[in-house]
2 protein chains.
Amino acid sequence: MPPVGGTVGPILPALRAMLGDRLSTGQSVREQHGRGEGVPDLYPPEAVAFPESNEEVAAIARLCCAHRVPIVPFGAGTSLEGHVTALRGGLCISLSRMDRVLEVSPDALDCRVQAGVTRLRLNAELRSHGLFFPVDPGADASIGGMAATRASGTAAVRYGTMRENVLGLTVVTPDGRIVRTGTRARKSATGLDLTRLYVGSEGTLGLITEVQLRLYGLPETVSAAVCQFPGVPAALDATVAILQAGIPMARIEFVNALQMHMCIRYSKLDGMAELPTLFLEFQGSPAAVAEQVEMVQAACEEMGGSGFLWANRPEERSRLWKARHHTYYANLHYLPGKSQMGTDACVPISALAECILETEADVAATGLLAPLVGHVGDGNFHLGILFDANDPEERARAEGLARRTGKRAIRLGGTCSGEHGIGMHKLDLAAEEHGEALSLMWAVKKALDPLGIMNPGKLLKPLD
Amino acid sequence: MPPVGGTVGPILPALRAMLGDRLSTGQSVREQHGRGEGVPDLYPPEAVAFPESNEEVAAIARLCCAHRVPIVPFGAGTSLEGHVTALRGGLCISLSRMDRVLEVSPDALDCRVQAGVTRLRLNAELRSHGLFFPVDPGADASIGGMAATRASGTAAVRYGTMRENVLGLTVVTPDGRIVRTGTRARKSATGLDLTRLYVGSEGTLGLITEVQLRLYGLPETVSAAVCQFPGVPAALDATVAILQAGIPMARIEFVNALQMHMCIRYSKLDGMAELPTLFLEFQGSPAAVAEQVEMVQAACEEMGGSGFLWANRPEERSRLWKARHHTYYANLHYLPGKSQMGTDACVPISALAECILETEADVAATGLLAPLVGHVGDGNFHLGILFDANDPEERARAEGLARRTGKRAIRLGGTCSGEHGIGMHKLDLAAEEHGEALSLMWAVKKALDPLGIMNPGKLLKPLD
């Protein structure tokens, strides 16, 4: 990989001529684009461009390519591992003004959107068609960013991740070509799967400017439930039993005892105990949901689950899921002044109980407070490690806990990141996970970004 | 891409020393490995190797790499587009002796198999665990070959294709490194998706030697049904309605009137009319299946469907599906002495009726007999074009019809191959489908197979 030493200086006049006031070098705009949500360190780009079309993105890329200016693509800035930091300066290309839903087809159950459309905006627009897009990472991320980080979230157990739900892309290559990948067909066996190669590439191979998505009809009935367990193994045994029975759960979320302690205080969950808990959601026809509920309740009770709390009305459901989704705020509220570091282990569900129990013991040994929530239907869980960002020793302890949690997932046959990605923050862990495969990833990277200008310093640890 | 002129001569002594009688240069073995099932032309390899371990495959690859000998991977030989022909000679590496199921985990719902295990063997072994692997291309293909061609089949509407069901791979690179891709976790956001890059790469990037697969619990209840329609649009409108309602169909297969004519004669389907027909399968709990059946029957009747025929007993179901799966034989039996050429168009389901109606009119204009069946839940259908392989004019007419059908799918937003792949036979159509993306595929190909020894002449049309 050739070194990247470019700065935007030489291309600023051309950029300004093309973009006018859609190019910013102001300090505050640069700082707004200098970090995402998970990593506190700030690396501002030298300038921020706000293109409005594929052709503008391509023209900008050609300029950057000719002068070896690093490019950092930027969606909504909600990524968690420092994906959008401008580690080597260069130009941030914000897709925020490419925010149109280009086409919705209820008959084909698909749509085409520009990369800057956010998830909530898209779903608001789809509702009138009786449709929705199910990938739900929590944050109101941009669809382009979700594709670039292979996002998933609470509904992946039923609907899959961005990997399964992106049909095709429009990509601008680092040398400024506009390329379509995939088709609108549900499946294809023609050629190398470029769509899946760009999904999860974190802006290191090119810029995703448009996304073709699979859509789903809004479910007739939605029901939620909560069930509490005497211990972690019981909750996870119930999860395995539910998955083995093939019950098409919409969501199965685990919340550990410490996290319940914090949620009960913050979200006023009266009547719930500080026990390992499953939050469950069912979607389908009334009869299908009723049957699923019955089967799941039986599976939970067999494992010692109790206190089944049903929520059929939207406002009850919303209260339960708000409690689950507000764990981040509940934690920060519990220990004011602390920062929170997330982990993202994902393992085969058969190893999940072991992984979580070892991790809870590890947390206890560190003396840190680190509640745990999990998308357990996928084998994925997060610690929210609370630490003092101004105390180097405590931050190092938090980093150590996070690193050990990632290594544990790898050792158990899993991955150090189920859904947050690598960014600048997990290069070492990912390299350990990939082994020799890292050299193949670098070969692909060099083939598609020979100058190394696309989001340098992210995703792939340099080879020795 | 450097030219490949190597022959196995210089490495034969070393291969023989390594493999003994697991290396064959006999005429009949070479001819058995010189073609698959769909393309009649024979291109035998110079020799066939039968390795038994990753290490042997790697050692063979290193020899071939050092002497630029073309490598053609071979599974069960059931591919349809000439994937396994040795167009430039070289060495065929058969994975048939790597046929062990290495690990089955009912708790994790996954397994690891060697590439040469066939689909039916795997499912026979899984049954005792209460599990199954759902990807069903019809033929008893090898799992490695199914991964290499991104196979799917009748159950993809419910369970997805190999793309969705391969968790990870062991790949031997053309220079003889053994690389693991993916993990056992259900999802991962770490690094470039090499697993999906090798799935569907048709042996052009490396040799798939082991596959980690997702598994599913055997369904409690399976039910099948047949419904007949007054016309193609009615049958496909019913299909769209069923998909929009989110009914989790296990299979939805379309058979056109001409194909029904042939099936009724061949498979003695008493009581059925020569009308466009849907073959349906339901899987799940008894209550879920009963509800799905009711909803589907209502949707079909609303579109004018009639003659609902239910099959709950295994032997009734088996009779129906045998009739569907034996269309190939029904067609050849109808016109003895003819050969059959398959097409593989796949379009958004909203365009499927248009695509099928235009194709039926095209068939009529050619004067050829070409019945049609389709995995319509995926928007995928096949013509079985009957032609005289010894009549160049008739073969050209068949090729023309096949080409126009592929082009029609591309024009309607789809793909020229939903599941059979490109092999040596569809290079032009695939190039038309990919446009500029073909140059990116070539960049990846050159990065991972710089000498161009992996299955040369397949998958990617040379760039101008």
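Everything quoted here is computed from the prediction, not taken from an experiment.

Parameters at a glance
Residues numbered from 1 in each chain as written. Chains lettered and ligands numbered in written order. Predicted model: local features only at pLDDT ≥ 70, side-chain atom pairs only at ≥ 80, totals over all residues. Heavy atoms only, no water. Disulfide = S-S within 2.5 Å. Least-squares fit on C-alpha atoms with pLDDT ≥ 70 in both. Contact = heavy atoms within 4.5 Å. Buried area = accessible area lost by both parts, 1.4 Å probe. Salt bridge = Lys/Arg side-chain N within 4 Å of Asp/Glu carboxyl O. Polar contact = N/O pair within 3.5 Å; in protein donor to acceptor, adjacent residues only side chain to side chain. Helix = DSSP H or I, 4+ residues; strand = E, 2+ residues; numbered from the N terminus. Nonpolar A, V, L, I, M, F, W, Y, C, P; charged D, E, K, R; others polar. Pairing = 2+ DSSP bridges. Axes fitted to C-alpha atoms, helices over the stretch in contact; angles between N-to-C directions. Core = buried A, V, L, I, M, F, W, Y, C linked by side-chain atoms within 4.5 Å. Buried < 20%, exposed > 50% of the residue type's maximum accessible area, 1.4 Å probe, protein only. pLDDT = per-residue confidence, 0-100. Parallel < 35°, antiparallel > 145°, perpendicular 65-115°, else oblique. Domains from an automatic or database assignment. Phe/Tyr/Trp six-rings, centres within 6.5 Å; stacked < 30°, edge-to-face > 60°.

**Overview of the state of the cysteines**
This structure, assessed with the given rule, holds zero disulfides over all chains. Here A:Cys355 stays unpaired: no disulfide links it, and the sulfur of A:Cys346, its closest cysteine neighbor, is 9.5 Å away.

**A word on the relation of the copies chain A and chain B**
Mapping chain A onto chain B is achieved by rotating through 180° and translating by 0.0 Å along the same axis, at an RMSD of 0.0 Å. Each copy turns onto its partner about a two-fold axis.

**Observations concerning the interface of chain A and chain B**
Where interface size is quoted, it is often the accessible area lost as the parts come together. Listed as interface residues are 77 residues of chain A and, on the opposing side, 77 residues of chain B. Regarding the contact of chain A and chain B, the summed buried area is about 6,100 Å², with carbon and sulfur atoms giving 62% of it. On the surface where chain A and chain B come into contact, there are six salt bridges. Linking B:Glu436 and A:Arg177 is a salt bridge whose minimum nitrogen-to-oxygen distance equals 2.6 Å. Run the count over chain A and chain B and you get 36 residue pairs in polar contact (both at pLDDT 80 or more). The set of elements that each furnish at least two residues to the side of chain A that touches chain B consists of helix H7 (162–165), strand E9 (178–182), helix H8 (194–198), helix H9 (232–244), helix H11 (286–302), helix H16 (427–434) and helix H17 (437–448) of chain A. Tallied by class, the residues present in the side of chain A that touches chain B amount to 31 nonpolar, 28 polar and 18 charged.

**A word on the sheet that holds strand E13 (residues 251–255) of chain A**
The strands making up a sheet are joined through hydrogen bonds of the backbone, oriented either antiparallel or parallel. Residues and elements named next belong to chain A. Spatial strand order, E15-E12-E14-E13-E17-E18-E16: seven strands in an open sheet with antiparallel pairing. A strand with exactly one partner marks an edge of an open sheet, and here the two such strands are strand E15 (306–311) and strand E16 (339–342). Taking the axes of each pair of neighbouring strands and ignoring which way they run, one obtains an average angle of 20° across the sheet. Where strand E17 (residues 372–375) lies against strand E18 (residues 380–387), four bridges are found, and the strand directions are antiparallel. Paired with Leu 372 across the two strands is Leu 383, which belongs to E18. Where H11 meets the sheet, its contacts fall on strand E12 (221–228), strand E14 (277–284) and E15, and the angle it forms with E14 comes to roughly 160°. On top of the sheet, helix H14 (residues 352–366) reaches E13, E17 and E18; it is set at about 5° to E18, its chief contact.

**Structural notes on the nonpolar core**
A:Met162 and B:Met162 are the most contacted members of the largest nonpolar core, which has 188 residues in total. Apart from the residues lying within four places of it in its own chain, the contact partners of A:Met162 are A:Phe133, A:Val135, A:Ile143, A:Met146, A:Ala147, A:Arg150, A:Ala151, A:Val199 and A:Leu213. The next biggest cluster of nonpolar side chains, apart from the first, holds 26 residues, and it includes A:Ile11, A:Ala58, A:Leu63 and A:Ala115.

**Here we look at the confidence of the model for chain A**
Detailed reading of the predicted coordinates is not advisable wherever pLDDT is low. For chain A, per-residue confidence averages 95 on the pLDDT scale, and 99% of positions sit at 70 or higher. In this model residues 1–5 of chain A is a low-confidence stretch, pLDDT under 50, and it forms 13 contacts with partners more than four residues away in sequence or in other chains.

**Digging into the packing of helix H1 (residues 12–19) of chain A against helix H3 (residues 54–66) of chain A**
The relative placement of two packed helices comes down to the angle between their axes together with the axis-to-axis distance. Residues and elements named next belong to chain A. Put simply, H1 and H3 touch, their axes get as near as 10 Å, and they point 170° apart. With respect to their mutual orientation, H1 and H3 come out roughly antiparallel. In this structure, H1 uses Ala 14, Leu 15, Met 18 and Leu 19 to contact H3, whose residues at the interface are Glu 56, Ala 59, Ile 60 and Leu 63. Looking at the contact of H1 with H3 residue by residue, the classes come out as seven nonpolar, no polar and one charged.

**Thoughts on the domain arrangement of chain A**
Splitting chain A by domain gives domain 1 (9–96 + 442–448), domain 2 (101–217), domain 3 (221–328) and domain 4 (335–421). For domain 1 of chain A and domain 3 of chain A, the distance between their C-alpha centroids amounts to 42 Å.

**Topic: the packing of aromatic side chains**
Residue and element names in this part refer to chain B. Summed over all chains, the structure comprises 14 aromatic pairs over all chains. Ring centres 6.3 Å apart and planes at 55° place the aromatic pair Phe 132 and Tyr 216 in the tilted group. With Phe 132 in strand E7 (residues 131–132) and Tyr 216 in strand E11 (residues 216–217), the pair connects residues that are 84 residues apart, well separated along the chain. Of the two residues, Phe 132 and Tyr 216, neither departs from the other in class, the shared state being buried.

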